[in-house]
Amino acid sequence: MRDFKYFFILLFALQSFVAFAQQSEKKKRGTYALVAYVGGGVGYYLTLAGVPAYLNPQVSKWSSLTSLRVMWQPDHLVRVGVETGKMQFLSYRFKDSVGNDGRIIVNAVPLLVEWSMAVSKRFQVFAGSGVYFLTTKMDYAGKSRSNKLSIGWMAAISYLHPLGKDLNLGTELKWMDAAETTDGSLGFQLQLVYRFLKW
Amino acid sequence: MRIYFLLIMIISMGSCKRDFDAPVPDTSWELFDAAPAGILPHGVMKKMEGVYTITKGTETFGPLAVLKWSYTKKGNDTIYNVSFFSETDIAYFICEAKKHDDYILVNGYWRKLSGTETGRVRLTISAASGADHLFSSNPNTAANDVIISGVYGSGENVPDIPLEFAYARPHYQAMPFEIIAHRGGGRNADLLPASENSVEMILLAASLGATGVEIDVRMTKDEVPILYHDESLNERLVQKNGMLGPIKNFTYQQLNATIKLKRGGKIPTLQEGLQTILYNTPLRYVWIDVKYDGPLDKVRALQEQFMQAAAAMGKPLEITIGIPDEDVYNNFLQLPGYQNIPSLVELEPEKATAANARIWAPMFTKGLQNDEVAAIQAQGRRAFVWTVDGANNVRKFMYEGKFNGILSNQPSIVAYYYYARL
């Protein structure tokens, strides 16, 4: 069943891409470009942590967030691209019933197909779906590490300030959501946006 | 275009799902909880068992109900339960019964397993309505004239709708039959008041009509057999706590300290599960469904230990190692003396024969298979079918099939059709 889910996501992305490309051929073509967004900032875990109260947890919801996004920017309103990065959803320390310490960290690496559109000269919105590679690291009575693949999505809005012809400095507010595990973070990033290829 | 794009994003972000639940209503009843009310002797409960005509309340529960008693032991306390099972919407009642002066009080709740309907129920058997006969020291006194009457309600409402049961006939018992509750008693999806594969669910199973349970076994990182169905930790089975991925990646201590099951309780070890079945319930059969690919020696050791303990207590208890696929089958064949180990094979009947399994257990989708069942029974083995749900399916397999047992998520409807058959 899981295989089907990823198959349909891929199929949807391909179908959209082909439809978009076909539409593009009918008009006189403008400049195409590939734009890289390199960002770093902070994330705040906003969904219900679900950490059991009986563990007396000390939950840390703030974490660092980095991302790398490459968008294909055609002469159309809508752009398409991919995003990855590294983020921590949450971590918490706890004590068991006899006072032994423990710690759990949940990290994620998203791999998302994204769509974007400029809503004004400097504001852009982004939305995408894909998968999150989640990792639980547990340090309690020994160390354990476990991985899970979760379907997920993101949405963001960014503001770009031009630094040069092909270089922008941006700020972005984004929501990253691993839907299957109901983990979601609100992130704020600074971005360097560079149009690195034009044709 | 821009507006549509933003609209889609807003709709996506605002999407939500509806949560269903069927919480057990508060069953406090001043009269029942009052100090003079005493525990009902075992013999009285046994005499109460039978098939009852529903004379009031038929609009909700149909024309007939089966009354069955069971018990659970918690510490030094034994709680005696009186359960009613009816066909309509797979309704059941779970009640406690107490003696109060010369009459019997029955207090509890009802639930329809086909939905989330539930409510309280308060019943009485007066001296004139048969309590005298039930209290009689003569063990042969029947419950022929017993009338159980009272009220039921919906949800947390004070019960005020008339309900009455009149004794009709004794249980059918001619052909022994196993009523096996799936995942220790029921699935999380059925919104029972305990988590699937938990100790609490096992304690509930007999009051749902089960004579046995199927439990799912997996191994932890440090090779402790535990009761858990899925390969991974997920929010269907456990409360969210940041632990993700295959359960075999964590040690038992790590799971035990941090995991809380979806509907309460902790992940039990197989040992805890078997201990509960043996010492705290009247259950007589266990189907250990092996869900991992690996050596079975630890499962076998526990099976042997608890079957010996049961024999020493004089309690009938059969524990079979369930073999659902080829991997587990091959692992089973590696056990020394496997042909003498009680087992249940879900594969072809020939494999059940080759492993000398006590039970062959095909999936219900393969149909009644009366010829195959008869052939396996001719070898001195039994045949159970899984997992049969819904009144129509259960009735078909019970009355048209030749199986010796049914595994179901709804043991109460299996119990109804078994005990009510003529």
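Residues numbered from 1 in each chain as written. Chains lettered and ligands numbered in written order. Predicted model: local features only at pLDDT ≥ 70, side-chain atom pairs only at ≥ 80, totals over all residues.

**Student:** How would you summarise the overall build of chain B if you had to cite specific residues and measurements?
**Tutor:** Looking only at helices and strands, one finds 14 helices and 20 strands in chain B. In summary, chain B has a C-alpha radius of gyration of 23 Å against a globular reference of 22 Å for 422 residues, a match within 12%. Counting only C-alpha atoms, chain B reaches 70 × 60 × 45 Å along its principal axes. A total of 422 residues make up chain B; the buried ones form 48% of that total. Put simply, of all contacts in chain B between residues at least 6 apart along the chain, 57% involve residues at least 24 apart. (Helix = DSSP H or I, 4+ residues; strand = E, 2+ residues; numbered from the N terminus. Rg over C-alpha atoms; globule rule 2.2 N^0.38 Å. Buried ≥ 20, exposed ≤ 12 C-beta atoms within 10 Å, placed from the backbone. Contact = placed C-beta atoms within 7 Å.)

**Student:** Could you give an account of the pairing of strand 2 (residues 50-56) of chain B, naming the residues involved and the relevant values?
**Tutor:** Residue and element names in this part refer to chain B. Bridge analysis of strand 2 against strand 3 (residues 64-74) gives four bridges, and the strand direction is antiparallel. Of the residues in strand 3, the one forming a bridge with Thr53 is Leu64. Inspection of the sheet shows strand 2 paired to strand 9 (residues 161-169) by five bridges, in the antiparallel sense. Looking across to strand 9, one finds that Thr53 is bridged to Ala166. (Pairing = 2+ DSSP bridges.)

**Student:** Tell me what's going on with the interface of chain A and chain B, and back it up with residues and numbers.
**Tutor:** Counting from both sides, the interface comprises 28 residues of chain A and, opposite them, 24 residues of chain B. Broken down by secondary-structure element, the contributors of at least two residues to the side of chain A that touches chain B are strand 4 (78-95), strand 5 (101-118), strand 6 (123-139) and strand 7 (143-162) of chain A. Per-element tally for the side of chain A that touches chain B: the top contributor is strand 7 of chain A, with six residues. Looking at side-chain class alone, the side of chain A that touches chain B contains 16 nonpolar, nine polar and three charged residues. (Nonpolar A, V, L, I, M, F, W, Y, C, P; charged D, E, K, R; others polar.)

**Student:** Kindly report on the environment of Lys165(A), identifying the contributing residues and their values.
**Tutor:** Among the structural elements, Lys165(A) can be located in the loop between strand 7 and strand 8 (167-178). Along the primary structure Lys165(A) and Val42(A) are separated by 123 residues, whereas in three dimensions their C-alpha atoms are 28 Å apart.

**Student:** Outline unusual backbone geometry, listing residues and values.
**Tutor:** Residues and elements named next belong to chain B. With a phi angle near 50°, Arg183 is a residue other than glycine that sits in the positive phi range. Its location among the elements puts Arg183 in the loop between strand 10 (178-181) and helix 6 (199-205). The phi dihedral of Glu223 falls on the positive side, at around 60°, and the residue is not glycine. For Glu223, the location among the structural elements is in the loop between strand 11 (212-219) and strand 12 (225-227).

Geometric descriptors of this kind do not, in isolation, establish any biological role.
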